[in-house]
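Summary of the model geometry
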Amino acid sequence: GTVQAQTTVSIENKEDTPVISKHIYGHFAEHLGRSIYDGLYVGEDSPIPNTDGVRNDLIKALRELQIPNLRWPGGCFADTYHWKDGIGPKEDRPTLVNAWWGGVTENNSFGTHDFLNLCEKLGAEPYLAANLGSGTVEEFTDWIQYVNHSEGSPMAKLRKENGREEPWNVKYWGVGNEMWGCGGNMTPEFYANLYRQYATFMTSWENENNLYRIASGANQDDYHWTEVLMRDIPKHLIEGVALHSYSFVEWDKKGSATDFNEEEYFSTMKTALWMQELIDKHTDIMDKYDPENEIDLIVDEWGGWYEVEEGTNPGFLYQQNTMRDAMIAGATLNIFNNESERVKMANLAQTVNVLQAVALTEGENMLLTPTYHVMKMYTVHHDSQLLPVDFESPDYTYNGESLPAISVSASKKDGKVAISLVNIDAKKENKVKINLEALDVENMTATILTSEKLQDHNTFENTEKISPEQFKDFKLRKGELQVTLPPFSVVVLESE
Ligand code: AHR
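Residues numbered from 1 in each chain as written. Predicted model: local features only at pLDDT ≥ 70, side-chain atom pairs only at ≥ 80, totals over all residues.

1. Observations regarding the overall build of the chain
Of the regular secondary structure elements, the chain holds 9 helices and 27 strands. Here the C-alpha radius of gyration of the chain, 22 Å, is about what a compact globule of 496 residues would show, namely 23 Å. The principal-axis extents of the C-alpha atoms in the chain amount to approximately 65 × 50 × 45 Å. The buried share among the 496 residues of the chain stands at 50%. (Helix = DSSP H or I, 4+ residues; strand = E, 2+ residues; numbered from the N terminus. Rg over C-alpha atoms; globule rule 2.2 N^0.38 Å. Buried ≥ 20, exposed ≤ 12 C-beta atoms within 10 Å, placed from the backbone.)

2. Comments concerning the site of the ligand
Residues in contact with the ligand, as listed here, are E30, G74, G75, C76, N177, E178, E301, A349, Q350 and L355. For the shell around the ligand, the class distribution of residues is 3 nonpolar, 4 polar and 3 charged. (Near = placed C-beta within 6 Å. Nonpolar A, V, L, I, M, F, W, Y, C, P; charged D, E, K, R; others polar.)

3. Details of the nonpolar core
Core analysis: the biggest nonpolar cluster contains 150 residues, and A359 and V491 have the highest contact counts within it. If one sorts the elements of this core by residue count, helix α7 (residues 262-289) sits on top with 10 residues. Summarising the domain contributions, this core has at least three residues from each of domain 1 (7-11 + 388-495) and domain 2 (22-382). Ignoring any residue separated from it by four or fewer positions in sequence, one finds A359 in contact with L58, A61, V352, M366, L367, L368, T369 and Y372. (Core = buried A, V, L, I, M, F, W, Y, C linked by C-beta atoms within 7 Å. Domains from an automatic or database assignment. Contact = placed C-beta atoms within 7 Å.)

4. Observations regarding the domain arrangement of the chain
The domain boundaries assigned to the chain delineate domain 1 (7-11 + 388-495) and domain 2 (22-382). Summarising the inter-unit geometry, the C-alpha centres of domain 1 and domain 2 are found 29 Å apart. At the interface, 31 residues of domain 1 touch 34 residues of domain 2. Contributions of two or more residues to the side of domain 1 that touches domain 2 are made by β19 (401-404), β20 (406-413), β21 (416-423), β23 (444-449) and β27 (489-495). Here the element with the most residues in the side of domain 1 that touches domain 2 is β20; it accounts for 4 residues. Here the side of domain 1 that touches domain 2 is composed, by residue class, of 16 nonpolar, 13 polar and 2 charged.

5. Side note on helix α3 (residues 137-148)
Its 12 residues give α3 an end-to-end C-alpha distance of 16 Å, which sits within 8% of 16 Å, the value for a rise of 1.5 Å per residue. Burial in α3 covers these residues: F140, W143, I144, Y146, V147 and N148. Looking at the buried side of α3, the elements it contacts are α2 (112-122), β8 (125-130), α4 (154-161) and α5 (188-200). (Expected span 1.5 Å × (residues − 1).)

6. Section: the environment of D79
You can see D79 is positioned in the loop between β5 (69-72) and β6 (96-97). According to the C-beta neighbour criterion, D79 is buried, with 24 such atoms within 10 Å. Counting along the chain gives 99 residues from D79 to E178, while the straight-line C-alpha distance between them is 9.1 Å.

7. Re the packing of helix α8 (residues 323-338) against helix α9 (residues 370-377)
Close contact between α8 and α9 brings their axes to 8 Å; oriented N to C, the two are set at 30°. Taken together, the axes of α8 and α9 lie roughly parallel to each other. Pair α8 / α9 crosses with right-handed handedness. Counting all contacts with α8, which are made through M323, D325, A326, A329 and G330, the residues of α9 involved are P370, T371, V374 and M375. Among the residues forming the contact of α8 with α9, the class breakdown is 6 nonpolar, 2 polar and 1 charged. (Axes fitted to C-alpha atoms, helices over the stretch in contact; angles between N-to-C directions. Parallel < 35°, antiparallel > 145°, perpendicular 65-115°, else oblique. Left-handed = near helix turned anticlockwise from the far one by under 90°.)

8. Digging into the packing of helix α6 (residues 223-232) against α7
Look at α6 against α7: their axes get within 9 Å of each other, and the N-to-C directions meet at 20°. What the angle tells us is that α6 and α7 run roughly parallel. α6 and α7 meet at a crossing whose hand is right-handed. Along its contact with α6, which presents Y223, T226, E227, M230 and R231, the element α7 presents K281, H282, I285, M286 and Y289. Split into classes, the residues belonging to the contact of α6 with α7 amount to 5 nonpolar, 2 polar and 3 charged.

9. Considering the pairing of strand β25 (residues 474-477)
Relative to strand β26 (residues 480-485), β25 runs antiparallel, the two being bridged by 4 bridges. Bridging from a neighbouring strand, K475 pairs with Q482 of β26. Where β25 folds back on β26, the antiparallel hairpin that results is connected by 2 residues, among which K478 adopts a positive phi of roughly 45°. (Pairing = 2+ DSSP bridges.)

10. Remarks on the UniProt feature "domain: Alpha-L-arabinofuranosidase C-terminal" (unreviewed entry) in the chain
The residues that UniProt annotates with the feature "domain: Alpha-L-arabinofuranosidase C-terminal" (unreviewed entry) are residues 300-489. Taken end to end, residues 300-489 is 13% helix and 39% strand, and its two terminal C-alpha atoms sit 26 Å from one another. (UniProt positions renumbered as here; feature names shortened; annotations may be inferred.)

The structure is reproduced here in structure tokens:
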């Protein structure tokens, strides 16, 4: 490609910067399409190797990804879910029609025990989204008692009868989901009052691990929603406010996941990079009501959203995952890292077989997507200290419009420095110069994720088409790092 002028990035070695919470690298698995059933959960009797019904290949892949938390059971599904239908002997459980996603009937065979035991196996914190839209305060508080109270209560007794002695100590609780839409089409004023009511009755019992309550957040640039929640919910009742934002070509004309042109790529990246402005503006509102920064911003749904793969159920949201998705992931995670002062958790939608998945399955086969690889390359940032970066990005221009081509974030842990760089330009490589003198870095190793075409993706026939490779196109001399980023690439450098 054509060479652009060199961009100079300065990295400050400051001490008082936030830690990039590993929870920014969280995931989300809804009862939707083939996410749980015929995705994570194939059932105890499946010929596919499994542990308590969950695919072993997925358990291994997600453990290697060090997923810090997993959100469940929705999404829109959460506000239709009655958790008591998903406990006890599986053959006795009532069925349920999944009204939001394809109208399919499920048998409730994957329930609270299945999910929380899976989280234990993954070493991930569960994040339960509770039902406000069609549930009751009692149902909600019973759920907390069931999973968190050690003994001496009706729900602790029921849990023990169902074979689980110790509580799971679930910390993260979503108080409803998308309450402005599928959660009940509420006004922010009505929801803020309802939130106050529910949050009042949430108790962590004797559990030291105090509950972390997350209010259902705004859709993209609905700043009024955040304003009302911040204004009307007393601080002692809330730990986090959510935000949802998906990337797409156009909401009403999403386009194919794999067969897209540069114009569609550009539009998708525009909505993805919009995340920066959304976080800035929601944060401004939060700063106004919470200048002490005690309430966190939780981006508990984000990712690319396209048309479903041909021949699949439109309600199942099954889509392929290309280098475009790697660009969304790399750039978005850089934004979250840089905003880690306020953004303490995020959840990519969704883990398996739904939207921007990290893994796809077909029968006994599984593949890892480009998004998986980006998430894995970025694990070096988990719980590392943010190193603020400053630079002027060159433009990525298409049809007279431009976007910043480069995104960067950096962190340090135990004296080691990690830098993640993304060049979203579809055609041009970009040269970056970074002064690392203040950081005492002598040697670095690097990994790159890229491919020949933006539309490239892994298939069940060729699962390794896109996978991280060692990257050598950089120089480090006397504290000055020079990197050449190929078009649409993600590069992560780490000091030795
Ligand atoms: O992730 C798919 C859906 O997107 C979720 O169920 C909902 O919360 C959002 O609208």
